[in-house]
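Chains, contacts and geometry: an overview
Here are the chains, one letter per residue:
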Amino acid sequence: MSDGANLQVDLTNCDREPIHMLGKVQSFGFLLGVTSDWIVSHASVNIASFLPVSSVEDVLGQPVSALLDEQAIHTIRNRLQRLGARPGIQVAADVRIGNDSRRCDVSIHVSGDTILLEFEPHDGSASVTDEIANVQNAIQRLTAMKDITESLNYAVRFVKALAGYDRVMAYRFLPDGSGEVVAEALGSGMEPFLNLRYPASDIPKQARALYIRNPIRVIADVQDAGTSIAPAGGAGLDLSDAVLRSVSSIHLEYLRNMGVGASMSISIVTDDHLWGLIACHHNSPHLLGQSTRNALLLFGQMLSLVLREKLSTQDRQLESQTRELTNAISRSAGAETNIVDILFSYADELMELMDADGITMMLDGEIYSVGLELPRDEVTIIAKHLNRSPAGTIVASSELSRFVPATSDLSRLVAGILAIPISKAPRDYIMFFRREVAKKVSWGGNPEKPATLGPNGIRLTPRKSFETWQAIVEGQSEEWLGSHFHAAEQLRITFLEVVLRLVEEASQQRKHATEKQELLIAELNHRVRNILSLVRSLINQTRTGHMTTSDFARVLDSRIQALARAHDQITKDNWSPAPLKRLIETEAEGYLQDRKNRVVLSGDNVLLVPTAYSSVALVVHELVTNSAKYGALSVRSGRVDIMLQRQSDMSLALHWRESGGPAVQMPTRKGFGTTIIERTIPYELQGTASVDYAVTGLSAEFHVPAIHVRDAPNSPEALKSVSAPEGNVSGSLPFPEKVLMVEDNLLIAMDGEDALRRLGAQDIQVCSNVQSALHAIEQETFEFALLDINLGTETSLPVAEKLKALGIPFIFASGYGENNVLPEGIRDTLVLSKPYGIDGIKAAWQRKPSA
């Protein structure tokens, strides 16, 4: 090329730059190219910095065995065997190279006829097990989150915590190719990029293709221009899959202009489409070890799957909404054959489904409109333009004036159109219209001047200004989404289907609904009959010859009330297993009122299935009633201890112990109450029951088989009682705004930070060790601190002593629940037992922790 003066230079230059064949690698590692017979064909010129060779010329043409020992070559060959003919990369970790003890991680892949081996120093400080465990826990949390925004906010925080970058962003690509920062985690004092947009030219087409091919990409130092590959600068060597692949000088300049020292990207790929990126920036050079990058690669792949599922869930919800609407339209077609009337009877629902402001039908030359209405002549012009499209094609545009230039005068009235053909000849359409949305868009720099022709030859120089640039977008509507096209296709099919088939479908649905209703009625009859039979048995067994009518009514009423309370507990949980502790507490409260605190309940928190719940309810009722009338609860000094114990075979043992009451006498006769106590569980549940009428107090043992018992999840009430420290909480102290949290577990720290923020903390500093916490105290003034006692290899006691000396209030958190190991000066400090939550922290603060 003798002269580039006449060569047009524009943004497509970026798209044409061969960034996969730059012939360089980043300097934090070195590259070897090997032939099929294991002779070195290529090498990066920095190889002498890693291997005991004088220069790269000493390496070329040599057998690999002259550079690597037999064990290293064996390991690499095994990884290559795993790779087979599939594209991709295999990694051999902690491989010894040279004649010394130097260790490297080796990335292995095949490019054309060349085996590429990329070496980088092995980072032995990272714990692969811990990093993978953190990723697994993070993915579990992501899966449980409700929406995409919440998931991305958590993802950027997790990556920042694990990778240590100063700024981590979630970057979503928009339909027009531009990108928007939709979530961000950044260091203190940094300018936020959240909600900024960047033009499509910032990430050229070939770069986006490589992001799909290389799900994780690291740039360790933007000042590193790269190390050449010999011979001939690696001419013709495709580095698309290379981990060390150097960076385009345009992109390096772009990053330097942004003030970035190092970067990393993790691709978010859904259905082979680049949905977005997790983009990481650091203010200075920053390199993660291979094991940490592999953990982040796994996290990115799992995040992609989670987002794909959430996007699919959104699509399924819209599909469900569309299906319900099309079913309703289909059912209407059975009784009403006028398609215009059918359409307009569901016009509001259709416009809501398609996020449209108006709907127009063109049928047999006639035009019918609801909502936003266009002049007849304009609709005719649009229809003629639509006729140019293939039959049966759904057509959409968010800029009608560009799609149909003759309608440019309508841009302030109508900007978006989606048209559904509903016949072949003549062409009839259902058209959805959208109004113009004049939007103020914040760009990360002027999108009209993303780059300029610079001094670097015939290529573009990236812009130097990234100040927020606001632009007003006119003449456009919101973009039509893929979900709208799916809904439109379902609507098209619905309006084309044969009416008789629709009528048959509606008939099948009615039949199914009738069968379901009959099943529900039969189940209701069954349950009502069972309850009536049980009540009749209670009446028959309660009635005895020596009882007065009033006594009979009172006893029967109490037993029926016990059943009612049990039934309430079951129905509260939708006729699913219900907590046994709640049953006992309810019975004690209902019968003993202010004396219920003398029933001491302990042991395992379990659930009983509904059939067992009613049976045990009667037994507990009789025990409480007898104790209140004749036993320990009949006097002020008496108490009842109830222990629930899950056995090794998963059955349940219920221990009842009375003490402090009057002397117990063996009953001279067995009434119905005694029969309930002794026979209900053995007879109805196939368990066991034994009662001991000891003089010092009645005791009883019950065994409920495992088939009737379920594990109880931790309820909010249970967590609250475990987490909140004991003591009366008086007043309502405003929660401090500036808080220090010391916690060595990443996920617990993130949960604690969330809880503190919900309580009102505005500025939270999270530290994982004593050194960083003491440094933070020197730099900042805190109002309150939450300290994990055990920080793995150290304790937070030095931090506590420093806080006490400064008069800053603090509390401890501990998984051991003990405070007898605390030094004398801080022995009275509140200790919050793990797991704790927002209620525990709030209660501890309200108790005014001392400084």
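Residues numbered from 1 in each chain as written. Predicted model: local features only at pLDDT ≥ 70, side-chain atom pairs only at ≥ 80, totals over all residues. Heavy atoms only, no water.

Examining the overall build of the chain
Scanning the chain from terminus to terminus reveals 22 helices and 35 strands. Each of the 851 residues in the chain was classed as buried or not, and the buried ones make up 47%. Restricting to contacts in the chain with at least 6 residues of sequence separation, those with at least 24 account for 65%. Summing over all exposed atoms, the chain offers an accessible surface of approximately 42600 Å²; the carbon and sulfur share of this is 50%. (Helix = DSSP H or I, 4+ residues; strand = E, 2+ residues; numbered from the N terminus. Buried < 20%, exposed > 50% of the residue type's maximum accessible area, 1.4 Å probe, protein only. Contact = heavy atoms within 4.5 Å. Areas by Shrake-Rupley, 256 points an atom, 1.4 Å probe, with all protein chains shown as cover.)

Brief notes about the environment of Lys802
Considering the arrangement of structural elements, one finds Lys802 in helix H21 (residues 797-806). Linking Lys802 and Leu774, residues 28 residues apart in sequence, is a C-alpha distance of 7.8 Å. Setting aside chain neighbours within four positions, we find Lys802 in contact with Leu774 and Ile777.

A word on the packing of aromatic side chains
As enumerated under the stated definition, the model contains 10 aromatic pairs in all. Judged by centre distance (5.4 Å) and plane angle (90°), the ring pair of Tyr171 and Phe173 falls under edge-to-face. The exposure classification of Tyr171 matches that of Phe173, with both residues buried. In this structure, Arg167 packs its charged tip against the face of Phe193, placed 3.7 Å from the ring centre. Directly above the ring of Trp480 sits Arg434, whose terminal nitrogen or CZ lies 3.6 Å from the centroid. (Phe/Tyr/Trp six-rings, centres within 6.5 Å; stacked < 30°, edge-to-face > 60°. Lys NZ or Arg CZ within 6 Å of the ring centre and 35° of its normal.)

Thoughts on the sheet that holds strand S28 (residues 688-694)
Read across the open sheet, the five strands follow the order S24-S26-S27-S29-S28; overall the sheet is mixed. Taken across any chain shown, the strands that pair with only one partner, and hence form the sheet edges, are strand S24 (599-603) and S28. For this sheet, the mean angle separating the axes of adjacent strands, direction not counted, is 10°. As paired strands, S24 and strand S26 (residues 639-646) are joined by five bridges and run parallel to one another. Opposite Val599, over in S26, you have Val640 as the bridge partner. Set on the sheet, helix H17 (residues 672-685) makes contact with S28 and strand S29 (697-704); between it and S28 the angle comes to about 160°. (Pairing = 2+ DSSP bridges. Axes fitted to C-alpha atoms, helices over the stretch in contact; angles between N-to-C directions.)

Section: the sheet that holds strand S30 (residues 709-711)
Spatial ordering of the open sheet is given by S23-S25-S30, a layout of three strands whose pairing is antiparallel. The strands lining the two open edges of the sheet, one partner per strand, are strand S23 (578-579) and S30. Alignment of S23 against strand S25 (residues 606-608), held across two bridges, turns out to be antiparallel. Opposite Ala578, over in S25, you have Leu608 as the bridge partner. Across the sheet, helix H16 (residues 610-629) lies against S23 and S25, angled at about 95° from S25, the strand it touches most.

Some points on the side chain of Thr360
Looking at the element boundaries, Thr360 is found in strand S14 (residues 358-363). Overall, Thr360 belongs to the buried group, its relative accessible area being 0%. One polar contact links Thr360 to Ser369, side chain to side chain, over a distance of 2.9 Å. (Polar contact = N/O pair within 3.5 Å; in protein donor to acceptor, adjacent residues only side chain to side chain.)

Quick word on the nonpolar core
One broad rule of soluble globular proteins: the nonpolar side chains tend to lie buried together. Among the nonpolar cores identified, the biggest contains 46 residues, and Val159, Met264, Ile278 and Phe299 are the most heavily contacted of them. Secondary-structure elements contributing two or more residues to this core are helix H3 (128-144), helix H4 (148-163), strand S7 (167-173), strand S8 (179-186), strand S12 (262-270), strand S13 (273-282), helix H7 (290-335) and helix H19 (746-759). The element best represented in this core is H4, accounting for nine residues. Apart from residues no more than four positions distant in its own chain, Phe299 is found in contact with Val135, Ala138, Ile139, Leu142, Ala155, Phe158 and Val159. Residues Val620, Val624, Leu698 and Val709 belong to the second largest nonpolar core, which totals 39 residues. (Core = buried A, V, L, I, M, F, W, Y, C linked by side-chain atoms within 4.5 Å.)

Points about helix H12 (residues 482-496)
The end-to-end C-alpha distance of H12, which contains 15 residues, comes to 21 Å, matching closely the 21 Å that a straight helix rising 1.5 Å per residue would cover. Looking at H12, one finds that the buried residues are Ser483, His484, Ala487, Ala488, Leu491, Arg492, Thr494 and Phe495. (Expected span 1.5 Å × (residues − 1).)

Structural notes on the pairing of S14
Along S14, six of the six residues are buried, which leaves the element largely enclosed by surrounding structure. The two faces of S14 match: Gly358, Thr360 and Met362 on one face and Ile359, Met361 and Leu363 on the other face are all buried. Pairing geometry for S14 and strand S18 (residues 429-434), over five bridges, is antiparallel. When the sheet's bridge partners are listed, Met361 is paired in S18 with Ile430. In the sheet, S14 pairs with strand S15 (residues 366-371) via six bridges, with the strands oriented antiparallel. The partner of Met361 across the bridge, within S15, is Tyr368. If you look at the hairpin formed by S14 and S15, you'll find two residues sitting between the two strands, and Asp364 has a positive phi there, around 55°.

Side note on the side chain of Glu753
Mapped onto the elements, Glu753 comes out in helix H19. Here Glu753 falls in the buried class, since its relative accessible area comes to 18%. Residue contacts for Glu753: discarding those within four places in its chain leaves Arg157, Met741, Ile764 and Val766.

A look at unusual backbone geometry
Here the residue pair Ala230 and Pro231 is connected by a cis peptide bond, since its omega of 0° sits within 30 degrees of zero. If you trace the backbone, Pro231 turns up in the loop between strand S11 (227-230) and helix H6 (249-257). Phi at Asp272 is positive, roughly 60°, even though this residue is not glycine. Here Asp272 shows up in the loop between S12 and S13. By relative accessible area, which is 71% here, Asp272 ends up exposed. Phi is positive for Met650, close to 70°, though the residue is something other than glycine. Locating Met650 in the fold gives a position in the loop between S26 and strand S27 (652-659).

Some details on the packing of H3 against H4
Close contact between H3 and H4 brings their axes to 10 Å; oriented N to C, the two are set at 170°. When the axes of H3 and H4 are compared, the pair comes out roughly antiparallel. You can see that H3 and H4 cross each other, and the crossing is right-handed. Residues Glu131, Asn134, Val135, Ala138, Arg141 and Leu142 of H3 form the contact with H4, whose own contacting residues are Ser151, Tyr154, Ala155, Phe158 and Leu162. Looking at side-chain class alone, the contact of H3 with H4 contains seven nonpolar, two polar and two charged residues. (Parallel < 35°, antiparallel > 145°, perpendicular 65-115°, else oblique. Left-handed = near helix turned anticlockwise from the far one by under 90°. Nonpolar A, V, L, I, M, F, W, Y, C, P; charged D, E, K, R; others polar.)

Digging into the pattern of salt bridges
Under the counting rule described, the total for this entry stands at 20 salt bridges. Across the pair Arg103 and Asp94 runs a salt bridge whose closest N-O atoms are separated by 3.0 Å. Judged by relative accessible area, which is 33%, Asp94 ranks as partly exposed. Residue Asp763 is joined to Lys738 by a salt bridge in which the shortest nitrogen-to-oxygen separation is 2.5 Å. (Salt bridge = Lys/Arg side-chain N within 4 Å of Asp/Glu carboxyl O.)

Remember that the coordinates give geometry; whether it matters functionally is a separate question.
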